[in-house]
Amino acid sequence: MGNPSLAGCGGLIWDENGNWMGFARNTGITTSFQAELWVLRDGLSLCVDKTFNAVEVEIDAKSVMDIDRPRMY
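Below is a short write-up of the structure. (Residues numbered from 1 in each chain as written. Predicted model: local features only at pLDDT ≥ 70, side-chain atom pairs only at ≥ 80, totals over all residues. Heavy atoms only, no water.)

Before going further, it helps to examine unusual backbone geometry. Unusually for a residue other than glycine, Thr 51 sits at a positive phi of about 55 degrees. Turning to its location among the elements, Thr 51 is positioned in the loop between α1 (32-49) and α2 (62-65). Residue classification places Thr 51 among the exposed positions, given a relative accessible area of 60%. (Helix = DSSP H or I, 4+ residues; strand = E, 2+ residues; numbered from the N terminus. Buried < 20%, exposed > 50% of the residue type's maximum accessible area, 1.4 Å probe, protein only.)

So, on to the state of the cysteines. Applying the stated criterion across every chain yields a total of zero disulfides. Just so you know, Cys 47 is unpaired, no disulfide at all, and the nearest cysteine sulfur is the one on Cys 9, 14 Å from it. Residue Cys 47 is classed as buried on the basis of its relative accessible area of 7%. (Disulfide = S-S within 2.5 Å.)

All right, on to the pairing of strand β1 (residues 5-14) then. Where β1 lies against strand β2 (residues 20-30), 10 bridges are found, and the strand directions are antiparallel. In the strand pairing of β2, Ser 5 is matched with Thr 30. (Pairing = 2+ DSSP bridges.)

Another point: the nonpolar core. Core analysis: the largest hydrophobic core is formed by seven residues, namely Cys 9, Ile 13, Met 21, Phe 23, Val 39, Leu 46 and Cys 47. Among the elements of the structure, β1, β2 and α1 are those that each provide at least two residues to this core. Top element by residues in this core is α1. It accounts for three residues. Those residues within four positions of Cys 9 in sequence are excluded, and the remaining contacts are Phe 23, Ala 24, Arg 25, Thr 27, Ala 35, Trp 38 and Val 39. (Core = buried A, V, L, I, M, F, W, Y, C linked by side-chain atoms within 4.5 Å. Contact = heavy atoms within 4.5 Å.)

Position of Gly 22 among the secondary structure elements: in strand β2. Taking the relative accessible area as the measure of exposure, Gly 22 reaches 46% and is therefore partly exposed. Contact partners of Gly 22, with chain neighbours within four places excluded, come to Gly 11 and Leu 12.

The next subject is the environment of Leu 44. On the secondary structure map, Leu 44 appears in helix α1. Accessibility expressed as a relative area gives 36% for Leu 44, which makes it partly exposed. Residues Leu 44 and Ile 13, spaced 31 residues apart in sequence, show a C-alpha to C-alpha distance of 9.6 Å. Other than its neighbours up to four places away in sequence, Leu 44 contacts Val 55 and Val 57.

Laid out in structure tokens, this is it:
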């Protein structure tokens, strides 16, 4: 539809017991890259709120995965 354009994002999180929760956000007029960053931020914030000790992230946005970032272990 164009970039930037109206966008939204959302995701699912499963806990260790198989329970899941979903989340979504209307990001307004933004790029697809920015929407992918919003969904990553919102998902990780939800994990912090739920006090998860460990998190495995799966994201299908190669551009987000290619960002030069320090590894945190």
